Amino acid sequence: MASVLRFRKLCYVESAVKCTSVGYESFEIDEKLDKKEEDVLSANNFALEINKKRKQPKRQPKEWRCLDSCCWIIGYLCTTWWLLLFFYHCFPVTLLRVPELPGPGVRLKREGLTALHPVVLVPGIVTGGLELWEGRPCADGLFRKRLWGGGSFTQIFKRPLCLLEHLSLHYETGLDPQGIRVRAVPGLVGADYFAPGYFVWAVLIENLAKIGYEGKNLHMAAYDWRLSFQNTEIRDHALTRLKSKIELMYISNGYKKVVAVPHSMGVIYFLHFLKWVETPPPMGGGGGPGWCAKHIKAVMNIGPAFLGVPKAVSNLFSAEGKDVSYIRSYGAGVFDSEILGLQTFERVMRMARTWDSIVSLLPKGGEVIWGNMDRSPEEGHVCDFSKKSHSKTSLTTNNVNNSDVKRGFLVKDLANYGRIISFGKPASILHSSKLPTSDSKVFSRTSTSENFNNFSCGEAWTEYDEMSRQSIQNVAADKAYTTTTLLDLLRFVATKMMRRAEAHFSHGIAENLDDPKYNHYKYWSNPLETKLSDAPDMEIYCMYGVGIPTERSYVYKLSPNSRCKSIPYQIDNSVHGEDGSCLKGGVYFADGDESVPVLSAGFMCAKGWRGRTRFNPSGIATYIREYRHKPPTSLMEGRGIESGSHVDIMGNFALIEDIMRVASGATGDEIGGDQIHSDIIKMSERINLGL
Amino acid sequence: MSFLRRRKGTDSSKSQNLRCNIVKEDEKNNLYESPRKESYNSKKWSCWDSCCWFIGFVCSVWWFLLLLYNTMPASIPQYVTEAITGPLTDPPGVKLRKEGLTVNHPVVFVPGIVTGGLELWEGHQCAEGLFRKRLWGGSFGELYKRPLCWAQHMSLDNETGLDPPGIRVRPVSGLVAADYFAAGYFVWAVLIANLAQIGYEEKTMYMAAYDWRLSFQNTEVRDQTLSRIKSNIELMVATNGGKKVVVIPHSMGVLYFLHFMKWVEAPPPMGGGGGSEWCAKHIKAVMNIGGPFLGVPKSVSGLFSVEARDIAIARTFAPGFLDKDVFGLQTFQHLMRMTRTWDSTVSMIPKGGETIWGGLDWSPEGSSFNCGAKTLRNNSINNTDQIPNINLANMKNVNYGRIISFGKDVAEAHSSKIERVDLLDSMKADMLANLTNCDIWIEYHDIGDHRIKAAADYKVYTAGSILDLLHFVSPKLMARGGAHFSYGIADNLDDPKYQHYKYWSNPLETKLPDAPDMEIYSMYGVGIPTERAYVYKVTTATDCSIPFQIDTSVEGGSEDSCLKGGVFSADGDETVPVLSAGLMAAKGWRGKTRFNPSGIPTYIREYSHAPPANLLEGRGTQSGAHVDIMGNFALIEDIIRVAAGATGKELGGDHVYSDIFKWAERINLQL
């Protein structure tokens, strides 16, 4: 509005403009992009004009006009802006309010649902806020201010290095570094919004409030998501506090059991909690074997990362996800120098590697679950999501075109998901017999001989700097890694981190669950190495989105950049498959919710815990609730009410309705039992896991 | 980004298309000249455009300065401050950290009335979009945007004292609930920051936020707040290796915590069922800050006519302006209607009646407080002079005992000279309430003019008879309040009726728990004139307004008089008189008394008020005012030392400036 007015004014003022019209048009677009930017621009222009004025004092006798016009334009813009703002505020609230769709809360309230069971929300990784309690001088004035999440991230741009330092943990212990205390923000504000306007739990909270939930029966179990799970108890008593809170809510709400709603990593955190609370002290919470049965009605896992996420692999290996890898290759120079001075990724990686919790998200269950060199449970998955119905035809064309693979029925094996990291496209496609055998011998060979750190680069940023060039190339020469060998790989490239983190997490499959070693807390967050507690009345829900391509395995290359302190590996995003292939930009995609593949989210509910198994001795009922992703139809909808993506699903009305029904007393059968869109049952059948 | 693009664009246009560029330049000149030409013709430039120019200029300069400010390293302002005021003293947290103090006992904060934040969980149509936004505390932006809606949501149900249907307003939880009351106006924040210096954090600090509008027992009934506090204290003791907690209540939180200590040991269903040893096991010390143990006179004027000294002046000088300002019309009526639904205000009515607060011709303070406050307390008194001498207004005794009097002459005359109509008789006289047509309902309109006059004819009210007056003018509130609070003095504390929760928050009607190792501190500011008694008048404009008003025209004879603007002041912290804050620790609980059967040691820590030396100090580091004292370095240091393990004796025991012990002697309270 303002820009149009201004443009008209300019047209009016300048009568015979010919060449400048294009320039002004672009100007217009800029202006539409961001008003404030425009203001800054004009301010800068102002400065430019001053310079101009100094340079050419004689040419224009009345050159002060430039300056004046600048001021005039700024003043004009400001006035118009204020005027519009004033009008905007004068409007009655209802006129401007986007007609919001009535959420499920309103409808269910009309149906007569009321708050019954207390609800505990368990946030996932990254979404929880962190605030500063004690810091270095560079973080002056940030006491009890958010360093992460919640408010704006302005501080990150103001003093990036300082922030990174404060968000990092101690590399050896995985706890606070000396003189720095960063703590989780408690309460519902801890994770309702991640950034202004970017909701995480807020929509769910608002809908729950409609049927009568409030502070006394709604609790956010905020914890420091950077720590390993047991360390949250050691440092902050987070597990004890959660236990006490659940007991209090159980008693003060008339002995109604609690419905827990964990999200993402919160799912395995809560799994850890369930084991911890029944284990005798000092390692556990001493709640006794009946605690879960007595206090918990249902665990409604949203987007559960039960068996890990492949994203964690790329994150730890080279600090990049799908989105980041593009930036890294295209804007290498800009991005590296812009925010953090130099070496953005290296610093980010250095920080992320001090967080134990990321290791908890590495794929669990090895080749049995995630597939080996030539086989994966998802095989036959068709990636062309938009044209699912036409997939048959495209498959046949693929068949014709593809000459690399001889056997026709293996066409679908183009997506060799089992090889979670492969170096080069051929390594990801060729049959395993044609590849050099990969085993951990390589690592033992190189690591012993060449672990003399070459500190020529000065201070070591990441553990990559302690590796020699030779061993870095050796790693790449091994071509392809499955989830099992991947762990060896990580142990090799990040020895200290894995040593630290593997004291807290385990990624295997238990042979014999009665082995006393499984009483150790490092196994508690791995569903394949723990038994569920003895609570036959409890219910477990796996609720997740499907229908979005999700990172499943990666094609890597050696980074061409060989200078000091750089990450030697990089996702090869020049690698693309043909149309309809699951390979795009160096990443193989499978079905999932953009972060967690269906396999990880659904397998335990579909098979591992279904019925009475060795992982679920008391036969706790499990339900799979899948939500097909539908992108928002219009801008008004914001992030969509039928979204299935990892975080946006928290605003999915169907999911919210399910949670509310269960919270107000319904059982899994009453809300409709399983609701499956993906091939999770078929996939689980292919997995050969002893139950 | 666009800036870059733009510049690039102009550069390229310069280099590539020279001709066009030249034309452009010319046109630019035209552009700048043409408006001038026009303006010279039509006089447009001179007015409208120079306006724009001016605004633009101011904006640019502003942005430029802002840019400079933001790029300036953070140490400069501090450097400037130090250059002006000399090196800053270390805040107590830093100082004590250097001494080697570390986190020891967990700390519980109990905020007072008004300072805690409240947020909306369910509301009417008009409060749309305010879900989980603060209605109270924070910026108060909504108060100005939709005042009537705001007042409606802040009110409670006038019958039950709980939520009205369809509205749920709940306390904010966590430390954020009361760290800042409004932006920049700290309450607990300074204390929290200093405790954090020696290692405290979320797991060792707990803000016992509660809905301060409710009566104390109702916070448990509605929100289970007391259970939550109990559970949290137990949790903190368990997770911190069995270290007992140090509780720090402020203002009304003092009474609330007194209630809690009785509640937690009482058997369910009325109590928390913690058993008789709960306090002894879990609490190391209760450090009451500015505690109105025996009530505050301010609450009387608040209930009676919604005014305290500050508001009273505003109400007389700008009656039209203030009334129209916020609520459209009748600000005070709306405020009164809202505050009268808050049961908690009743908890702070002066307790103990005439025994404590003084009778018609007697008060414990006598004239010992020099209200001029410039000279030190040097007027020695040996005996309270019972005969008022009106001519010697300068040195006369102040009749603090008459909490409300109608007219100055009445306030100063001897009791025998005052003619009074019996209140009860006049109440019965005219029960026909004339129904007024006022839009806003307040209970005054049910009363009727006749009875208002009768109330004024009674002339003088003491702390005992003030209750009758309040019952008379706001029967519903007092009926509700009477079920939750009591204001008397117990004759026999073993009477089973004192098991009821309504007595728990009155220190004169409860026994302290059996916890001889616990310590009780009374910490409060002194040296500020504090409202103690009022002179009222009946307003003339009666139709739809509040019929009573503080008579601000009444002044004492001289500069040093304690009577100013219709208010008698005594020593205190601006809100709570010393008498209320200190008497229990000085006398009622000192040693083994019937109120303190296990002999819990008590300590009085007074902090003499010193206003901030300059503007840079903000609200002062030596303030004694009711809320500002939370930033008093000496008080913070005391708290940190106790939290880190010191006992009251190690702190230095009592620390008294006022005459509280002298006054305590004068009070004839059976112990």
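The rules we used
- Residues numbered from 1 in each chain as written.
- Chains lettered and ligands numbered in written order.
- Predicted model: local features only at pLDDT ≥ 70, side-chain atom pairs only at ≥ 80, totals over all residues.
- Heavy atoms only, no water.
- UniProt positions renumbered as here; feature names shortened; annotations may be inferred.
- Helix = DSSP H or I, 4+ residues; strand = E, 2+ residues; numbered from the N terminus.
- Polar contact = N/O pair within 3.5 Å; in protein donor to acceptor, adjacent residues only side chain to side chain.
- Contact = heavy atoms within 4.5 Å.
- pLDDT = per-residue confidence, 0-100.
- Pairing = 2+ DSSP bridges.
- Axes fitted to C-alpha atoms, helices over the stretch in contact; angles between N-to-C directions.
- Salt bridge = Lys/Arg side-chain N within 4 Å of Asp/Glu carboxyl O.
- Buried < 20%, exposed > 50% of the residue type's maximum accessible area, 1.4 Å probe, protein only.

- Per an unreviewed UniProt entry, chain B goes by the name phospholipid:diacylglycerol acyltransferase and belongs to Gossypium barbadense.
- The Catalytic activity (unreviewed entry) field of the UniProt record for chain B holds the comment "a glycerophospholipid + a 1,2-diacyl-sn-glycerol = a monoacylglycerophospholipid + a triacyl-sn-glycerol".
- Under Sequence similarities (unreviewed entry), UniProt gives the following word-for-word description of chain B: "Belongs to the AB hydrolase superfamily. Lipase family."

- As recorded in an unreviewed UniProt entry, chain A goes by the name Phospholipid:diacylglycerol acyltransferase 2, listed as coming from Gossypium darwinii.

## So, the side chain of Thr510(B)
All names here are of chain B.
Working step 1: Turning to its location among the elements, threonine 510 is positioned in the loop between helix 23 (475-484) and strand 12 (519-526).
Working step 2: Within the local environment of threonine 510, its side chain forms a polar contact with the backbone oxygen of asparagine 506, the two atoms lying 3.0 Å apart.
Working step 3: Setting aside residues no more than four positions away along its own chain, threonine 510 makes contact with Lys262, Leu493, Tyr503, Trp504 and Phe595.

## Observations concerning the confidence of the model for chain B
Low pLDDT means the predicted coordinates in that region are not meant to be read closely.
Residue and element names in this part refer to chain B.
Working step 1: With 74% of its residues at a pLDDT of at least 70, chain B reaches an overall mean of 77.
Working step 2: Segment residues 372-396 is flagged for pLDDT under 50; beyond a separation of four residues in sequence, or across chains, it makes 34 contacts in the model.
Working step 3: Segment residues 428-441: pLDDT under 50, and 21 contacts once partners within four positions in sequence are set aside and those in other chains are kept.
Working step 4: Two numbers describe this predicted complex: its pTM, 0.82, and its ipTM, 0.80.

## Structural notes on the sheet that holds strand 2 (residues 118-122) of chain B
All names here are of chain B.
Working step 1: Read across the sheet, three strands follow the order 3-2-4 without closing on themselves; strand pairing throughout is antiparallel. The open sheet has two edge strands, strand 3 (134-136) and strand 4 (168-171), and neither has a second partner. Taking the axes of each pair of neighbouring strands and ignoring which way they run, one obtains an average angle of 45° across the sheet.
Working step 2: Here helix 7 (residues 147-154) sits on the sheet and contacts strand 2, strand 3 and strand 4; the angle it forms with strand 3, its principal contact strand, is near 80°.

## So, the pattern of salt bridges
Working step 1: This structure, assessed with the given rule, holds 44 salt bridges over all chains.
Working step 2: Of the charged contacts in the structure, one is a salt bridge between Arg235(A) and Asp176(A), with a shortest N-O distance of 2.9 Å. Of this pair, Arg235(A) sits in helix 10 (residues 229-236) while Asp176(A) sits in the loop between helix 8 (160-167) and strand 4 (181-184), and the two are 59 residues apart along the sequence.
Working step 3: Judged by its relative accessible area of 7%, Arg235(A) falls in the buried class.
Working step 4: Glu201(B) serves as the salt-bridge partner of Arg181(A), at 3.0 Å between the closest nitrogen and oxygen. Of the two residues, Arg181(A) is situated in strand 4 and Glu201(B) in the loop between helix 8 (189-197) and strand 7 (205-207); the pairing between them involves two chains. Take Arg181(A) and Glu201(B): they sit in the same class, and that class is buried.

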